[in-house]
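Tertiary structure, described
Chain by chain, the residues:
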Amino acid sequence: MTGSSNLLNWILWMPILGVIGVLLLPKAKESAMRWWSLINTAISFALTLVLYSKFDQSVPGMQEAFTVKIPWISQFNIFYNLGVDGISLPMILLTALLFFLCIMSSWTITKSVKGYFALMLMLQSTVFGVFLSLDFFLFYVYWEVMLIPMFFLIGIWGGENREYAAVKFFLYTFFGSILMLVGMVALYYATGQGVDSFNILALSGGKFSDLTVSLFGATLPFAKLFFVFMFIGFAIKVPVFPFHTWLPHAHVQAPTAISVILAGVLLKMGTYGFLRIAFPIFPGASVYFAESIAWLGLINIIYGAFCAMAQTDVKKLIAYSSVSHMGFVMVGLAAMTTEGMNGAVLQMFNHGTSTAMMFLMIGILYERSHHRWIIRPDGTKGFGGLYTQLPKFSIVFIIAMFASMGLPGLSGFISEALIFLGIYQRFTTITLLALIGLLLGAAYLLWMFKRMFFGEVIESNKEYTDMNGREILYMLPLCAAVIVFGIWPAPILNIMKSSVGQLVSMLSKF
């Protein structure tokens, strides 16, 4: 095994070393746990930057230099198989950056500090595992194990209805996982239980187009049936309408850092699943259902935007805006064109940074106000005149808001523009209707801003303090990301274009 391939092992296992370190520290050493977790995530982020620097952008598939393949459960041809390409690398960079910033934003956590930071680091390792796995069984293990830290992080450190939100999140995702498991078992037997039965790369290419399967006495096309199973499994995570109802509860009840990880990284695991598993393994079925996927994406865009507009809780508003923005990713993927798919992968990255900013800013405000009401249930204003009270906070909030809105010059614009370029020829009607979503997005964000930041300063808002040094420190990298990638998206686009191009050319044959 070369030094380069060891790099993936280090990225995957570094957070686990962090978990062990946190657990070994005495319970009273809370400050040491925070610093240890911060240093650990900083090293993980540095390792992903090393990976980026060594990555060959001209190679379309998996990078041979980084591949790891070790027999794991030999009897069933299951391997510990890791790899990285242009689709997974942006997600790995995003994961490493957001966890590092989330540890910094979690400095004020005082409840069960040891448990919190151990679970956070465990969650990071499982997310890396999903993005690095090339063995379907290994992918599935990481996909499932990720539920455990997430369940406890929402259920213990969340808001008033945290248990309900945690259970709903767990049940929805677990239901999707069961469908994926059925699909994985079916693939194992369809391939004749051979040496590559769980190898995601070997399974891809449309090998199952002519197979049929008997179900309840009916003969059904194998690829279409199990594509639907995989699609639902991943769609719940995105979340695609009508599987989205767990998301607002989970977001509102989750602590700030967990909301950031949920919106920034975990939703992207669903769309990553389409790109890595559902589309390459069942390309014919993907093309067959493309228009249906595009319409579902459009429903997400418009329905999510209308729901966001109706919210009086600012965190719920941003949660529904995530549903709307992930609709653009779905539409871009359904186009199956180079521009559309590049735009979708870029939107996955850019939405991760802009929505992380929004949730972190709301978290900062919540620490001062202990509520999130734009309008309280009794009809009085929750916030007002924040601009005059918190000028630094307001400027960073404006950058985050305009990035979410897709304003030219900020990162959201480039990815949405590419998606529209990609879908116009294929789905002209959907393109025009999706523009309504953009307009609604601007409307609910500006309306929220007007009600919270302008007008008279509410009495209860007068004692709020502006952002402190630590808060500015963890917001700066995200501010830089949304501005730099808005003006110069090449560093991210150049990584993905060969891998996305390879997937598009494969889909175009069906």
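For the structure itself, consult the block above.
Below: a short report on this structure.

Analysis parameters
Residues numbered from 1 in each chain as written. Predicted model: local features only at pLDDT ≥ 70, side-chain atom pairs only at ≥ 80, totals over all residues. Heavy atoms only, no water. Helix = DSSP H or I, 4+ residues; strand = E, 2+ residues; numbered from the N terminus. Rg over C-alpha atoms; globule rule 2.2 N^0.38 Å. Buried < 20%, exposed > 50% of the residue type's maximum accessible area, 1.4 Å probe, protein only. Contact = heavy atoms within 4.5 Å. Areas by Shrake-Rupley, 256 points an atom, 1.4 Å probe, with all protein chains shown as cover. Lys, Arg positive; Asp, Glu negative; His and termini not counted. Charge placed at Lys NZ, Arg CZ, Asp CG, Glu CD.

Quick notes on the overall build of the protein
- Helix and strand content of the protein: 21 helices and four strands.
- Expected size for 510 residues packed as a compact globule is a radius of gyration near 24 Å; at 22 Å, the protein falls within 12% of this value.
- Principal-axis analysis of the C-alpha atoms places the extent of the protein at approximately 70 × 60 × 45 Å.
- Counting across all 510 residues of the protein, residues that qualify as buried make up 61%.
- Taking as baseline every contact in the protein between residues at least 6 positions apart, the subset at least 24 positions apart corresponds to 80%.
- Put simply, the protein shows about 18,500 Å² of open surface, and 68% of that area lies on carbon and sulfur atoms.
- Seen as two clouds, the 28 positive and the 21 negative side-chain charges of the protein have centres 3 Å apart.

A short note on the side chain of T431
- Topologically, T431 is positioned in helix α19 (residues 428-453).
- Among residues more than four places away in sequence, those in contact with T431 are F420, I423 and Y424.

Some details on the environment of F100
- Following the sequence through the fold, F100 ends up in helix α3 (residues 88-105).
- Using a relative accessible area of 18% as the deciding quantity, one classes F100 as buried.
- C-alpha of F100 to C-alpha of F485: the two residues are 385 residues apart in sequence and 20 Å apart in space.
- With near-sequence residues (within four places) excluded, F100 lies in contact with L38, T41 and A42.

Side note on unusual backbone geometry
- Of note, the amide linkage connecting V238 to P239 takes the cis form, showing an omega dihedral of -10°.
- As for its placement among the helices and strands, P239 is situated in the loop between α9 (222-237) and α10 (246-253).
- In this structure, N77 is a non-glycine residue whose phi angle is positive, near 55°.
- Phi at H370 takes a positive value of approximately 60°, unusual for a residue other than glycine.
- Tracing the backbone shows H370 in the loop between α15 (338-369) and α16 (386-389).

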